[in-house]
Amino acid sequence: MIEIKNISKKFNTADGIVEALKDVSLSIPDGDIFGIIGMSGAGKSTLVRCINMLERPDSGTIEIDGCDLGKLSEKELRTVRRDISMIFQGFNLLMQRNCLKNVCFPLELSGVKKLDAKKKALELLDIVGLRDKAKAYPAQLSGGQQQRVAIARALATNPKVLLCDEATSALDPTTTNSILELIRNINKKLGITVIIITHQMSVVESICKNVAILDDGVVVEQGAVSEVFAHPKSKAAQNLVFPEGSSGSVVISESGDRIIRVVFNGASATGTPLIARMAVQKGIEANIAYASTKSINGKVYGSMLLGIAGDESNVNSAIEFLMQTPDVIAEEVEPCV
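The rules behind the values
- Within each chain, residues carry numbers counting from 1 in the order of the written sequence.
- Only residues with pLDDT of at least 70 are given local features in this predicted model, and only at 80 or more are side-chain atom pairs given and counted; all residues enter the totals for whole chains, interfaces and linings.
- As a rule here, side-chain values come from all non-hydrogen atoms in the structure, and water together with hydrogens is ignored.
- Strands are runs of DSSP state E lasting at least two residues, helices are runs of H or I lasting at least four, and both sets are numbered from the N terminus onward.
- For every residue, the accessible area (1.4 Å probe, protein chains only) is compared with the maximum for its type, and the residue is labelled buried under 20%, exposed over 50%, or partly exposed between those bounds.
- By the convention used here, residues are in contact when the closest approach between their heavy atoms is within 4.5 Å.
- Using a 1.4 Å probe, the Shrake-Rupley method yields the accessible areas, and only the shown protein chains count as cover for residues.
- Here, a strand pair is defined by DSSP locating no fewer than two bridges between the strands.
- Angles run from 0 to 180 degrees between N-to-C directions of axes, and those axes are lines fitted to C-alpha atoms, restricted for helices to the stretch in contact.
- Detection works on a 1 Å grid of protein atoms alone, calling trapped sets that fit a 1.4 Å probe cavities and calling open sets with protein on both sides within 12 Å along at least five of seven lines pockets, with lining residues defined by an atom within 4 Å of a point.
- Grid points are joined across faces, edges and corners, and a volume is the space filled by probe spheres set on the points.
- Residue classes follow a fixed rule: Ala, Val, Leu, Ile, Met, Phe, Trp, Tyr, Cys and Pro count as nonpolar, while Asp, Glu, Lys and Arg count as charged, and any other residue, Gly among them, counts as polar.

### Observations regarding the overall build of the protein
Here's step 1: Helix and strand content of the protein: 11 helices and 16 strands.
Here's step 2: With respect to the three principal axes, the spread of C-alpha positions in the protein is 75 × 50 × 35 Å.
Here's step 3: For the protein, the residues scored as buried account for 49% of the 337 residues in total.
Here's step 4: Considering only intrachain contacts with a sequence separation of at least 6, the fraction spanning at least 24 residues in the protein is 67%.
Here's step 5: Of the accessible surface of the protein, which amounts to about 16,100 Å², a share of 49% is contributed by carbon and sulfur atoms.

### Quick look at the sheet that holds strand S9 (residues 210-215)
Here's step 1: The strand order S6-S7-S8-S3-S9-S10 describes an open sheet built from 6 strands, whose pairing is mixed. Every interior strand has two partners, whereas the edge strands, strand S6 (84-88) and strand S10 (218-224), have only one. Ignoring strand direction, the axes of neighbouring strands in this sheet form an average angle of 15°.
Here's step 2: One ladder, built from 5 bridges, connects S6 with strand S7 (residues 161-165); its direction is parallel. Its bridge partner lying in S7, phenylalanine 88 is registered against aspartate 165.
Here's step 3: In the packing of helix H5 (residues 143-154) onto the sheet, contacts are made with S6 and S7, and the angle to S6 comes to roughly 170°.

### What to know about empty space enclosed by the protein
Here's step 1: What the rule picks out here adds up to 1 cavity of 30 Å³ or more.
Here's step 2: Looking at the largest cavity, its volume works out to about 50 Å³.
Here's step 3: Cys164, Glu166, Ala167, Thr168, Leu180, Ile183, Ile196, Ile197, Thr198 and Val203 are the residues that line the largest cavity.
Here's step 4: Contributing elements (two or more residues each) for the lining of the largest cavity: helix H6 (173-190) and strand S8 (193-198).
Here's step 5: Class assignment for the residues of the lining of the largest cavity results in 7 nonpolar, 2 polar and 1 charged.

Right, here's the structure in full:
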């Protein structure tokens, strides 16, 4: 269990004092995939650096399995950090070392014998699907392959916690999905607690079980991803989940249609789209005013806005039909003509 209790952190800058974190408290269960999301400047990277004490908080405590990291000496902290690995947006590989030697590096620092380190490194490269690239150098690899090597290196010390600081931000969507699937498999196979730091809601949707939303250094909302995604309460969460209009008022054409927001939170994809089935089965036609959805492993995530013609009974019938599908939330919102 990771317990973050009342963490605050300030920085002195040329423009004055910046409060990066303000009384942040989180509980992250063992084996969880936990997302910390917020826009640029929200305090995400500062928080993740406080978790492994690369940044010392001004107040508050970080406890891992009951151990208060703030009370440890530098020598003790170096030992504990072997249990807390980190991967970054920029990969941070040693360009003069091939893949095998990159993965061997933390093992060498830990005093592991050369042959044992090589054996372990090859096993880890096998886990990330790059055993055949052992002798290749980072410059010869794609971005996704470099991140896989970085993940293998992060696993070298058998960590309990894997911190991912914007680890997929530099990757294209297809590569991002493959890296997230790898992280999910590692979490499942090895039981490692994973903390995902990101500004991308799509990353949280596809992999995280629980999420905390940071805004201006404050945790404004936290809970199960399914709940936060379906019913965002804070302004920051609404901006992330519903970029088309967080306030509930949306811009739409002067058609006089009533507006329904539909949220897909892992609904099973089917051969016939839900909106088409509604038209066929219920005789209710809908104009799609906005849609941002994606299919991940046969599950649909995202949201859309539908324009429904007719009176309140027609709208209620549409909402009732849509809500019959598991993991779909539908509600009427006010249009702004």
